[in-house]
Amino acid sequence: MHPEGAARQVFLERFGRPPEGVWAAPARVNLIGEHTDYNDGFVLPLAIDRRVTVAAARRPDDLLRLVSLQRGERALRLGEVRPGGVDGWAAYAAGPLWSLLEEGAEVGGLDLVLASDVPIGSGLSSSAAVECATLLAARDLYGGPGDPARLAQLAQRAENEVVGVPSGIMDQMAAMACRAGHVLLLDCRTLGVEQVPFAPAGAGLVLLVVDTRTAHSLAGSAYAERRRACERVARLLGVPALRDATQADLDAAGDRLGEVALRRARHVVAENARVLAVADRLRQGRPEAIGDALTASHASLRDDYQVSAPELDAAVEAALAAGALGARMTGAGFGGCALALVPAGAAEKVTETVTGTFAGRGFREPEVFGAHPADGAARVA
Ligand code: GLA
């Protein structure tokens, strides 16, 4: 059944009344601009047509009853929802209520049913989709800010403080602000956005996503470590964030930074420039001209930022060998997904080559699917 129908039906069965409404927030893939968001830089994500759907209704008390069709059930009091107060998947669903309360909204109890067709832990940002869907539901039912950027910040605050992951703002902004047929050019410093047309099909192309279905345990600690490394370099260079650094600054600082820090910073500086170059080409209606930038991004993430994984490298190499115009890992790295921009006529060959390569290397069978730029979070019923 469609997730919206499933959420509504389970709500009726479980809570014995219909929901007051149904909300949905999409997963995303990031076309380019990786590990730039927490450096105040630029990113270019698109929402995809996989989403988290939430059926919700208010309660007259302070109870929060959460039913996830994928993860099980939890019940908690609103007062427990605070940094360190909730663990596991419930923190993603309940965390935004804490952010709304902190914002001064008068949030009360809720019954919530979550249905999702976003694979969990695949780097498609299922967590931001959960946060944004429940945040919108609570905001519509209890009140709160209307501005999508402010809402994205509240969802990010839930992730940073209640879940305890020091993520940037990209995923929540993508879930809130993306539009069908576009990629979202986001300036992570100002939260200024530009909807840049992206219609691969119109240019005879397909954007394939390769879900490697692997997540390496390093991911959490390495993410925080990369973030700290970038902040340290910015301090050493005397700039507010790496967004303000140039390659010339890095060359001049050279030895003072040390080899590893220099590489990390080189990735961020070059990646920001690639995002702007890709956005330019897309504005000119030339999606076929962005392949090299995608592949260069991958090389930089693999060699300088060092957040790739054997499965991601294999996916990228196999896709390129089979005719992709460009390919890269997408998301935080250490597993998760790669993407490949492929002439429509080569999509089948790319899929087969990637799948065959994985089998030959003893990797898990990947899931390969086409990504179509979709709309951001909204009330759907
Ligand atoms: C994760 C984080 C984002 C971003 C990416 C890497 O998805 O949640 O904020 O930092 O990794 O680009």
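For the structure itself, consult the block above.
All of the points below concern the structure found in this document. Source: prediction; values computed, not measured. (Residues numbered from 1 in each chain as written. Predicted model: local features only at pLDDT ≥ 70, side-chain atom pairs only at ≥ 80, totals over all residues. Heavy atoms only, no water.)

### Quick notes on the overall build of the chain
Across its full length, the chain holds eleven helices and 13 strands. In terms of overall size, the chain behaves like a compact globule, its C-alpha atoms giving a radius of gyration of 21 Å where 381 residues would be expected to give roughly 21 Å. Projected onto the principal axes, the alpha-carbon positions of the chain cover approximately 60 × 50 × 40 Å. The proportion of buried residues among the 381 residues of the chain is 56%. Accessible surface, the chain as shown: approximately 14300 Å² in total, 50% of it carbon and sulfur. Counting 39 positive and 47 negative side-chain charges, the chain places the averaged centre of each group 2 Å from the other. (Helix = DSSP H or I, 4+ residues; strand = E, 2+ residues; numbered from the N terminus. Rg over C-alpha atoms; globule rule 2.2 N^0.38 Å. Buried < 20%, exposed > 50% of the residue type's maximum accessible area, 1.4 Å probe, protein only. Areas by Shrake-Rupley, 256 points an atom, 1.4 Å probe, with all protein chains shown as cover. Lys, Arg positive; Asp, Glu negative; His and termini not counted. Charge placed at Lys NZ, Arg CZ, Asp CG, Glu CD.)

### Considerations on the pairing of strand β6 (residues 110–116)
In terms of residue burial, β6 counts as a mostly covered element, since six of its seven residues are buried. Across five bridges, strand β4 (residues 63–68) lies against β6 in parallel orientation. Bridge pairing in β6 places leucine 66 opposite leucine 112. (Pairing = 2+ DSSP bridges.)

### Side note on the packing of helix α2 (residues 90–102) against helix α4 (residues 148–163)
The packing of two helices is summarised by the inter-axis angle and the distance between the axes. Two elements in contact, α2 and α4, have axes whose closest approach is 8 Å; the angle formed by their N-to-C orientations is 115°. With respect to each other, α2 and α4 are oriented roughly perpendicular. Our pair here, α2 against α4, has a crossing hand that is right-handed. Of the residues in α4, those in contact with Ala91, Tyr92, Gly95, Pro96, Trp98, Ser99, Leu100 and Glu102 of α2 are Leu154, Arg157, Ala158, Glu159, Glu161, Val162 and Val163. Tallied by class, residues from the contact of α2 with α4 come to nine nonpolar, two polar and four charged. (Axes fitted to C-alpha atoms, helices over the stretch in contact; angles between N-to-C directions. Parallel < 35°, antiparallel > 145°, perpendicular 65-115°, else oblique. Left-handed = near helix turned anticlockwise from the far one by under 90°. Contact = heavy atoms within 4.5 Å. Nonpolar A, V, L, I, M, F, W, Y, C, P; charged D, E, K, R; others polar.)

### Observations concerning the site of the ligand
Close contacts around the ligand come from Arg28, Glu34, His35, Asp37, Tyr38, Ser167, Gly168, Met170, Asp171, Tyr223 and Ala332, and that covers them all. Within the contact set of the ligand, an oxygen atom lies 2.9 Å away from a backbone nitrogen or oxygen of glycine 168. Calculation on the ligand without its partners gives an accessible area of 310 Å², and the protein chains cover 93% of this total. By residue class, the composition of the shell around the ligand is four nonpolar, three polar and four charged. (Near = heavy atom within 4 Å. Polar contact = N/O pair within 3.5 Å; in protein donor to acceptor, adjacent residues only side chain to side chain.)

### Brief notes about the nonpolar core
Counting 85 residues, the largest nonpolar core has Leu31, Leu44, Leu64, Leu124, Leu207 and Leu282 as its most contacted members. Beyond its immediate sequence surroundings of up to four residues, leucine 124 is in contact with Ala27, Arg28, Val29, Ile48, Val118, Pro119, Val209, Cys337 and Phe369. (Core = buried A, V, L, I, M, F, W, Y, C linked by side-chain atoms within 4.5 Å.)

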